[in-house]
Amino acid sequence: MRETPEELAALQALLDASLSRSSAHLRSITAGHTLTAEQLTRVLTGVCTLALSTVTAGGEPRISGVDGHFLHGTWCFGTARSAAKARHLAARPAASVAHMRGEDLGVFTHGTVETLNPEAGGPAADWPDLLAYVKGVYGEDAFDWDGDVVFYRLHPHWMTVYAPDAARLAVQ
């Protein structure tokens, strides 16, 4: 767990606010079947496959897979700078991601992406720390980290968790 007490509090506030703004149907499904912010950060470790949803210039939805990393209470993910999803996010930074583990866990997030290492302009203040983290995961020489790979942070405005056996999942 890499989150500070402040980050955990912000994540918990987001989870609570998101659920309170959700439909009665979603609230009925997740009642008693969700995780706290602290539990969630303990479950979302390592590489988590995300379904990323972007929108084309014509307004058509596109979904693709990315490696997600849940760090400091937000999703971070990367792709090739030449990928269609990178073009979509550059023009329209709104995105949604879903992380699902069979019927055991679903984490659904909507928000706006921030480019952490843009081609033009300076990187995000914490880019060196994130770069060190992903190099540790994938290896120093896995990619052309300075040119070919672009990383994003999804700043969530809505996030919900479904965990039918929350008690068991939270202690794993």
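Preceding this paragraph is the structure being described.
A brief report on the enclosed structure follows. (Residues numbered from 1 in each chain as written. Predicted model: local features only at pLDDT ≥ 70, side-chain atom pairs only at ≥ 80, totals over all residues. Heavy atoms only, no water.)

## Looking at the overall build of the chain
- A count of helices and strands for the chain gives six helices and six strands.
- In sequence order, the secondary structure elements of the chain are arranged as α-α-α-β-β-β-α-β-β-α-β-α.
- In terms of overall dimensions, the chain is globule-like: its C-alpha atoms have a radius of gyration of 16 Å, near the 16 Å expected for 172 residues.
- Considered along the principal axes of its C-alpha atoms, the chain spans approximately 45 × 40 × 30 Å.
- Looking at the chain residue by residue over its 172 residues, the buried ones come to 41%.
- The long-range share in the chain, meaning contacts at least 24 apart out of those at least 6 apart in sequence, stands at 70%.
- As displayed, the chain offers around 8700 Å² of accessible surface, 56% of which is attributable to carbon and sulfur atoms.
- Here the chain contributes 13 positive and 19 negative side-chain charges, whose respective centroids are spaced 6 Å apart. (Helix = DSSP H or I, 4+ residues; strand = E, 2+ residues; numbered from the N terminus. Rg over C-alpha atoms; globule rule 2.2 N^0.38 Å. Buried < 20%, exposed > 50% of the residue type's maximum accessible area, 1.4 Å probe, protein only. Contact = heavy atoms within 4.5 Å. Areas by Shrake-Rupley, 256 points an atom, 1.4 Å probe, with all protein chains shown as cover. Lys, Arg positive; Asp, Glu negative; His and termini not counted. Charge placed at Lys NZ, Arg CZ, Asp CG, Glu CD.)

## Points about the layout of surface pockets
- A volume near 190 Å³ is recorded for the largest pocket.
- Along the walls of the largest pocket sit Arg2, Glu7, Leu71, His72, Thr74, Cys76, Asp126, Asp129, Leu130, Tyr133 and Arg153, which together make up its complete lining.
- Counting only elements with at least two residues in the lining of the largest pocket, the list comes to strand 3 (74-80) and helix 5 (127-138).
- Looking at which element gives the most residues to the lining of the largest pocket, the answer is helix 5, with three residues.
- Residue classes in the lining of the largest pocket are distributed as four nonpolar, two polar and five charged. (1 Å grid on protein atoms, 1.4 Å probe; cavity = no way out; pocket = protein on both sides within 12 Å on 5 of 7 lines; lining within 4 Å. Points joined across faces, edges and corners; volume = space filled by probe spheres on them. Nonpolar A, V, L, I, M, F, W, Y, C, P; charged D, E, K, R; others polar.)

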